[in-house]
Amino acid sequence: MSVARNPDAHWRGTLYPEPMDFTAVRPNVYCAPGDPTTATISLIVGQEGCLIVDTGGSLAQGQAIREAVARATDRPLSTVVVTHGHWDHSFGLGAYDDLDTVGHQNLSEDMTCAENRAYADTHGIDLADMPLPHQGLDLIGVRDLGATTVEIASFGPAHTRSDLIVAVPDRRVLIVGDLVDTDAPQFDETSSLKGWVLTLDSLYAMLREDTLIIAGHTGPIGPGTVAHFRTGLAAIWDQAEWAYRRDVPVDQVYDYDELQWPWDRGTVEQGIVIAYRELAAKPTPDQSAGRIGPQFTGAGLPIQAA
Ligand SMILES: [Zn+2]
Ligand SMILES: [Zn+2]
């Protein structure tokens, strides 16, 4: 089994156009493509204000995004949502300190992950100077932009401990950060493989054929890509669990006879280590499935009249 790379190089392979500009993907929903090291920025415009998802990877990029928003719409930017703590999504926060900024309540913890510390070290950034979102979200939040409502929800630990999903229900748009990719998943010490599979199960249940999914490092994608990516993660989890129950040493799982893996060795071995760690841990109440409940309509349901 192999997973094809995103064929649309525009979204993964190029630098931000100068100046960076947003492209409409649905009425009142816009994206600016991320390059290989910076994440896609989404812009949702209502009658009274607008909201962006993710901040860019530096203060300068955050400022450039803010200027691009002002070129795209005359509605004031009111809210900024951070999908998770990785630097390419969160290190532009300083450009928005005067606004309503929203992140998961675990964001401060995830901001000091190994990847961010290494990036900060090589770029002369002091993590202690990095502003945090003014609002820490644990479960669900709603922002009314004037005739457009945006829902923000945590589905539990998955790609990181600080993942948030943003839905624009009446546009059938879901913005999912790095929870879905057309390439291999990015694992680190903040990932939960079990939680990631559960999160994508919950996410997939909300999708309809016409739901547009905006992920961190691809162009807009459809439900089939979510299903494909979820299958790859579940293949690692299920086979790692099978091997764990048979006492296969963790470093022998990848080469064990007859197991089939969806991505490259490096990625899969990281996933196996995470799975073994989670399988060895004492069971805890499931933090993911069913936590969101009916308040989060997501992109699959028509928005309810107030
Ligand atoms: Zn990313
Ligand atoms: Zn990430």
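Note that the structure is predicted; figures quoted are calculated from it, not measured.

Asker: I'd love a proper account of the environment of V197, names of residues and values included.
Answerer: Mapped onto the fold, V197 is located in helix α6 (residues 193–206). The sequence separation of V197 and W237 amounts to 40 residues, and the corresponding C-alpha distance is 8.2 Å. In contact with V197, not counting residues within four places along its chain, are R230, L233, A234 and W237.

Asker: Break down the sheet that holds strand β9 (residues 149–153) for me, citing the residues and quoting the values.
Answerer: The sheet built from five strands is open, its strands ordered β8-β9-β10-β11-β12 with mixed pairing. Among the strands making up the open sheet, the edge pair consists of β8 (140–144) and β12 (212–215). Neighbour to neighbour, the strand axes of the sheet diverge by 20° on average, direction disregarded.

Asker: Outline the confidence of the model for the protein, listing residues and values.
Answerer: Residues with a pLDDT of 70 or more make up 85% of the protein, whose mean pLDDT is 88. Every residue in residues 1–17 is under pLDDT 50, and counting partners more than four places away or in other chains gives 28 contacts. A low-confidence stretch, residues 301–306 stays under pLDDT 50, and its non-local contacts, those more than four residues away or across chains, total five contacts.

Asker: So what about the environment of S42? Which residues, and what values?
Answerer: Looking at where S42 falls in the secondary structure, it is placed in strand β3 (residues 41–45). Judged by the 23 C-beta atoms lying within 10 Å of it, S42 is buried. Placed 172 residues apart in sequence, S42 and I214 show a C-alpha to C-alpha distance of 7.9 Å. Residue contacts for S42: discarding those within four places in its chain leaves V29, C31, I52, V53, I175 and I214.

Asker: Go over the sheet that holds strand β1 (residues 23–26) with me, naming the residues and quoting the values.
Answerer: Note on sheets: strands pair through backbone hydrogen bonds, and any given pair is parallel or antiparallel. Pairing is mixed across the open sheet formed by seven strands, whose spatial order is β1-β2-β3-β4-β5-β6-β7. The open sheet has two edge strands, β1 and β7 (135–137), and neither has a second partner. Neighbouring strand axes in the sheet, compared pairwise and without regard to direction, differ in orientation by 25° on average. Bridge count between β1 and strand β2 (residues 29–32): three bridges; the pairing is antiparallel. The residue bridging R26 from the neighbouring strand is V29, located in β2.

Asker: Which residues make up unusual backbone geometry, and what values do they have?
Answerer: Of note, D54 is a non-glycine position whose phi angle comes to about 75°, a positive value. For D54, the location among the structural elements is in the loop between β4 (50–53) and α2 (59–72). A positive phi angle, close to 75°, is found at E258, a residue other than glycine. Along the polypeptide, E258 turns up in the loop between α7 (223–245) and α8 (265–280). Taking the number of C-beta atoms within 10 Å as the measure of exposure, E258 has 5 and is therefore exposed.

Asker: Explain α8 residue by residue, including any values.
Answerer: The terminal C-alpha atoms of α8 lie 22 Å apart, and with 16 residues this matches the ideal 22 Å at 1.5 Å per residue to within 8%. Residues of α8 that are buried make contact with α6 and α7.

Asker: I'd like a description of the packing of α6 against α7, backed by residues and values.
Answerer: Contact geometry for α6 and α7: axes closest at 9 Å, N-to-C directions at 150°. On the basis of the axis angle, α6 is roughly antiparallel to α7. Helix-helix and strand crossings are classified by hand; for α6 and α7 the assignment is left-handed. Between α6 and α7, the residues in contact are L193, K194, W196, V197, L200, D201, L203 and Y204 and P223, V226, A227, F229, R230, L233, A234, I236 and W237, respectively. A breakdown of the residues in the contact of α6 with α7 according to their chemical character gives 14 nonpolar, no polar and three charged.

Asker: Requested: an account of the pairing of strand β11 (residues 173–177), with residues and values cited.
Answerer: Residues in a regular strand point their side chains to alternate faces of the sheet. Of all five residues making up β11, five are buried, and the element is well covered by its neighbours. Every second residue of β11 is oriented toward a common face, with V173, I175 and G177 on one face and L174 and V176 on the other, all of them buried. Note: strand β10 (residues 165–168) against β11, three bridges, orientation antiparallel. For V166, the partnering residue across the bridge sits in β11 and is I175. Hairpin connection of β10 to β11: four residues between the antiparallel strands, including R172 at a positive phi of 55°. Bridge analysis of β11 against β12 gives four bridges, and the strand direction is parallel. Paired with V173 across the bridge in β12 is L212. Note on the crossover from β11 through α6 to β12: the handedness is right-handed.

Conventions we followed
- Residues numbered from 1 in each chain as written.
- Chains lettered and ligands numbered in written order.
- Predicted model: local features only at pLDDT ≥ 70, side-chain atom pairs only at ≥ 80, totals over all residues.
- Helix = DSSP H or I, 4+ residues; strand = E, 2+ residues; numbered from the N terminus.
- Contact = placed C-beta atoms within 7 Å.
- Pairing = 2+ DSSP bridges.
- Axes fitted to C-alpha atoms, helices over the stretch in contact; angles between N-to-C directions.
- pLDDT = per-residue confidence, 0-100.
- Buried ≥ 20, exposed ≤ 12 C-beta atoms within 10 Å, placed from the backbone.
- Expected span 1.5 Å × (residues − 1).
- Parallel < 35°, antiparallel > 145°, perpendicular 65-115°, else oblique.
- Left-handed = near helix turned anticlockwise from the far one by under 90°.
- Nonpolar A, V, L, I, M, F, W, Y, C, P; charged D, E, K, R; others polar.
- Right-handed = clockwise from strand over helix to strand, strands pointing away.

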